[in-house]
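Here is what each chain is made of, one letter per residue.
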Amino acid sequence: MSQDSLLRKNKSPSRPELTEGGGGEYHARASSQRACRFGDLLAIAALSAAIFFFHLGSYGFWETDESRYAEVAREMLVLHDWIVPHLDYFAYVYKPPLLFWLTAISFRAFGANEWAARLVSAVPAFGCVALTYLFAARTLGRRRALLGSAILTTFPLYAIMAQVLTMDMLLTLMVSLALFTCYLHWLDGARWTWWSFYVAMALAMLAKGPVGALLPLLTAAIFFLWQGQLAAACRRLRPWPGLALTGVLALPWFIAVAIREPGFLQFYFIGEHLQRFFAPNYAHPRPLYYFVPVVLAGTLPWCLFVPFFRRPSEVNAVRRFLVTAVATTIGLFSLSRGKLIPYVLPAFPPLALLIADGILSVLESAEVRADRTAVRKLAWIGVPVGAAGIAAAIVSCSLYAGGPLMPSVLAIGLALCVGAPLFAAYIGSLPDLALGILTLTVTVSLIAGSYSRVALSATRSYSAFARKLSVLQPNATMICYHRFLETVPFFTGRRILYIGDPGEHLFGIQHSRDASRYVYSADADLVRLWNRSRSTVLLIDQHDLDRLAPSLGAFKVVAEQRDTRAVVIEGGAKAQ
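Residues numbered from 1 in each chain as written. Predicted model: local features only at pLDDT ≥ 70, side-chain atom pairs only at ≥ 80, totals over all residues. Heavy atoms only, no water.

**What about the nonpolar core?**
Note on soluble globular proteins: their nonpolar side chains tend to be buried together. Rules: Definition used in this section: a nonpolar core is a set of buried Ala, Val, Leu, Ile, Met, Phe, Trp, Tyr and Cys residues joined via side-chain atoms within 4.5 Å. With a 1.4 Å probe rolled over the protein chains alone, any residue whose accessible area is under 20% of its type maximum counts as buried; one over 50% counts as exposed, and the rest are partly exposed. Per the convention used, a helix needs a DSSP run of H or I reaching at least four residues, while a strand needs a run of E reaching at least two, with both numbered from the N terminus. Throughout, a contact is declared for two residues whenever any of their heavy atoms are within 4.5 Å.
Core analysis: the biggest nonpolar cluster contains 167 residues, and Tyr158, Trp302 and Leu469 have the highest contact counts within it. Among the elements that line this core, the one with the most residues is helix α8 (residues 168–188), at 14 residues. Setting aside chain neighbours within four positions, we find Leu469 in contact with Met478, Val488, Thr492, Arg494, Val537, Leu539, Ala559 and Ala566.

**Describing the side chain of Ser48**
When you line up the elements, Ser48 lands in helix α2 (residues 22–52). When sequence neighbours within four positions are dropped, the list of residues in contact with Ser48 reads Phe53, Phe126, Val129 and Thr153.

**Some details on unusual backbone geometry**
Following Leu300, the chain continues into Pro301 via a peptide bond in cis, with omega recorded as -5°. Mapping Pro301 onto the fold places it in the loop between α14 (291–298) and α15 (317–335). Located in the positive-phi region is Asp88, a residue other than glycine, with phi close to 55°. By the secondary structure assignment, Asp88 is in the loop between β1 (86–87) and β2 (90–91). Of note, the phi angle at His482 is positive, near 65°, even though the residue is not glycine. In this structure, His482 sits in the loop between β3 (477–481) and α23 (487–492). The class for His482 is partly exposed, based on a relative accessible area of 41%.

**A short note on the sheet that holds strand β6 (residues 536–541)**
Spelled out, the test is: Whether two strands pair depends on DSSP finding at least two bridges between them.
One open sheet holds the six strands; their spatial order is β5-β4-β3-β6-β8-β7, and the pairing between them is mixed. Edge strands, defined here as strands with exactly one partner in the open sheet, are β5 (519–520) and β7 (555–561). Alignment of strand β4 (residues 497–499) against β5, held across two bridges, turns out to be parallel. Of the residues in β5, the one forming a bridge with Ile499 is Tyr520.

**A closer look at the pattern of salt bridges**
To keep it simple, the criterion reads: Take a side-chain nitrogen of Lys or Arg and a carboxyl oxygen of Asp or Glu: if they are within 4 Å of each other, that pair is a salt bridge.
A full pass over the atoms with the stated rule returns 17 salt bridges. The shortest N-O distance in the salt bridge between Asp188 and Arg138 comes to 3.4 Å. You can see Asp188 sitting in helix α8 and its partner Arg138 sitting in helix α5 (residues 114–139), a full 50 residues away along the chain. The salt bridge involving Asp357 is made with Arg144; its shortest N-O contact spans 2.6 Å. One end of the pair, Asp357, is in helix α16 (residues 348–364); the other, Arg144, is in helix α6 (residues 142–154), and 213 residues separate them in sequence. Of the two residues, Asp357 and Arg144, neither departs from the other in class, the shared state being buried.

**As for the packing of aromatic side chains**
Cut-off, in case you're wondering: Here is the rule: rings of Phe, Tyr and Trp (six-membered ring for Trp) pair when centre to centre is within 6.5 Å. Planes less than 30 degrees apart are stacked, more than 60 are edge-to-face, and the remainder are tilted.
Under the counting rule described, the total for this entry stands at 32 aromatic pairs. Arranged with centres 5.2 Å apart and planes meeting at 85°, the rings of Phe223 and Phe321 form a pair that is edge-to-face. Here the residue Phe223 occupies a position in helix α10 (residues 211–227), and Phe321 occupies one in helix α15, the gap between them amounting to 98 residues. Judged by its relative accessible area of 0%, Phe223 falls in the buried class. Between Trp253 and Phe254, the aromatic rings sit 4.9 Å apart at their centres with planes inclined by 80°, giving edge-to-face as the arrangement. Phe254 shares its class with Trp253; the two are buried.

**Description of helix α26 (residues 542–552)**
Short version of the rule: The directions from the helix axis to the C-beta atoms are what the arc is built from.
Asp544, Leu545, Leu548 and Leu552 are the residues of α26 that are buried. Looking down the long axis of α26, one finds its buried residues gathered within 95° of arc, a one-sided arrangement. Opposite the packed face of α26, turned more than 90 degrees from it, sit the exposed residues His543, Asp546 and Pro550. In the core, the buried residues of α26 are packed alongside β3, α25 (523–532), β6, β7 and β8 (564–569).

**Observations concerning the pairing of β7**
In the sheet, β7 pairs with β8 via six bridges, with the strands oriented antiparallel. In the sheet register, Phe555 faces β8, and the bridge partner there is Ile569. Between the end of β7 and the start of β8, which pair antiparallel, lie two residues, with Arg562 showing a positive phi angle near 50°.

**What about the pairing of β3?**
Burial analysis of β3 places four of its five residues in the buried class, which makes it a mostly covered element. Of the pairings in the sheet, the one linking β3 to β6 comprises four bridges and is parallel in character. For Cys480, the partnering residue across the bridge sits in β6 and is Leu539. Pairing of β3 with β4 involves three bridges; the strand directions are parallel. Following the sheet pairing, Cys480 is matched in β4 by Tyr498.

**Quick word on the environment of Trp115**
On the secondary structure map, Trp115 appears in helix α5. With 60 residues separating them along the chain, Trp115 and His55 place their C-alpha atoms 8.4 Å apart. With residues up to four places along the chain from it excluded, the contact list for Trp115 reads Leu56, Gly57 and Phe110.

**Some words on the environment of Gly141**
Note that Gly141 resides in the loop between α5 and α6. Placed 216 residues apart in sequence, Gly141 and Asp357 show a C-alpha to C-alpha distance of 9.8 Å.

Rendered as structure tokens:
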């Protein structure tokens, strides 16, 4: 099918007299469609808000990324430096600045706390769901748009990352905006979709570097080659002025940092990108298949429908585009030697639409009896899984006086035991109701599961520990030994002395004139700093404290969490 015929097929008629029933019926139908879409968006907004914003600030920063990025944003406000990010007041140029800018703005508006920090991930997650609905409503129809956005919202990995302060949700939003506007511009050539495509790529670069432009451009190139329209698409997308716009918006920050921080370009582009992609042991090495179980686990239970999908009778352009987007994202990050779970998140919006399209294609088919029977049998698996969760919770409570995860496990088990039979009962006769029940079941399970973060906060967060230290003597010197806790400077507002491997401080330390005053490497330095002032607080793990105790003299523990101890010289800072 040629592009012109595709456009004629997908474009809504612009003249009322060309539609059956005349202009009045056309406008009434358009008004009704707008009302339905508005109602859909309200429903999706309510679902997303319940999952993404529920107890957003009820638990402390999880080590290490959340506390690190929050501290970088706080120091941006303290130093009034919006160009070069800093961590412990050393230049921190491992990541672009968009996340730090938005987090700093949120701190200024709502205060420096966990809720304000995580808002910077929750809002983009919310926006990406709405964007996915609007794109699908334009290209796949209202029914697929509603189900696809609900599926995206209830993907477990997507819901989890919506409440974690990282760059990945911002990248997902910007890459999705770039991909969707690229397709829509190819489809109808609207002016707003042209500049939105290139602006979104610029913001994606400021969110996570060159990959923000590479993903949309590579996806678009592969898709247009698949369509046999690469040359025509390039003419329509006008890449040279568009890429110039992207460069004008994104490159000034990189240039400004390169001027202020010599060595930045080699460190950032060679080390943090080329070496991370190609070097086998540079950072987070993982096998080629790493993202296969990540995607399967991160999309439960919706991925369980995939074996029942049939090859669509019409492999149209939008389906090809979504397949290309998913395959390109997962494939590109799989080829990288360095991998982390959230990297694959930009594949989830198009993947949610593909799953929604596959589910509804099966349900709308005239030959679905066998498929629905198989789906019904699959649904019953949820009952023994839920019953096992309930049994585990009951046994744990009776034998071990409970545990931090047991309330969440019990609630999820109950949700499965109720939701699975209801879904199985209605999937054959009332499939829309059955899908609504499944969405509600997953939503309840995700909200119940989110309580586990609160329960595990004491084991994964040092926020309470740092808040306690913040009420020690105002002039106390903080020393971290072999473990830099970014939560401590965040809540105490003080610069920390550090003894040990510099880690992600390395670039800043190497390019700082005063690094020798704040970073040390030997135990002898610790003893000297410890004896220099009676208002010194040492943050140290218990096994290191046992080893160094003879050199420290008389001390007392004023705060502790897990294996970490905050100790002061006997008669120095007061215990709280």
